[in-house]
Amino acid sequence: MIVTLSAVALLGVLAFVLLRGRYVGPFSALVLFLFGFFTAGTGAASPIRAVCLALADAARNIT
């Protein structure tokens with residue numbers, strides 16, 4: 001659960017920076033947000049969460 005909250009915070013900050021720097025328009029940001037929202041409600045949410053957890057474990061084990 002900690003990884004999920006950290007990823008949400010990181011992606012939220014990244015989205016804010018991209019919108020603020022005018023690299024991404026508001027419509028593009030809305031489309032990406034809705035894509036993520038609808039993907040989370042499908043059967044793809046479980047494999048995506050597993051990949052994120054595996055990447056977080058791999059990053060934690062790099063020394």
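Residues numbered from 1 in each chain as written. Predicted model: local features only at pLDDT ≥ 70, side-chain atom pairs only at ≥ 80, totals over all residues. Heavy atoms only, no water.

A. Quick look at the confidence of the model for the protein chain. Summarising the model, the protein chain shows a mean pLDDT of 75, and 78% of its residues fall at 70 or more. When mean pLDDT is taken per element in the protein chain, helix 3 (residues 45–61) scores highest with 85 and helix 1 (residues 2–20) scores lowest with 70. (pLDDT = per-residue confidence, 0-100. Helix = DSSP H or I, 4+ residues; strand = E, 2+ residues; numbered from the N terminus.)

B. Local environment of a nonpolar patch on the surface. Residues Phe 27, Leu 30, Val 31, Phe 33 and Phe 37 make up a contiguous nonpolar surface patch of roughly 570 Å² in combined accessible area. As for its position among the elements, Phe 37 is in helix 2 (residues 26–40). Taking the relative accessible area as the measure of exposure, Phe 37 reaches 52% and is therefore exposed. (Patch = residues over 30% accessible without salt bridge, like charges linked within 9 Å, V, L, I, M, F, W, Y side chains within 5 Å. Areas by Shrake-Rupley, 256 points an atom, 1.4 Å probe, with all protein chains shown as cover. Salt bridge = Lys/Arg side-chain N within 4 Å of Asp/Glu carboxyl O. Buried < 20%, exposed > 50% of the residue type's maximum accessible area, 1.4 Å probe, protein only.)

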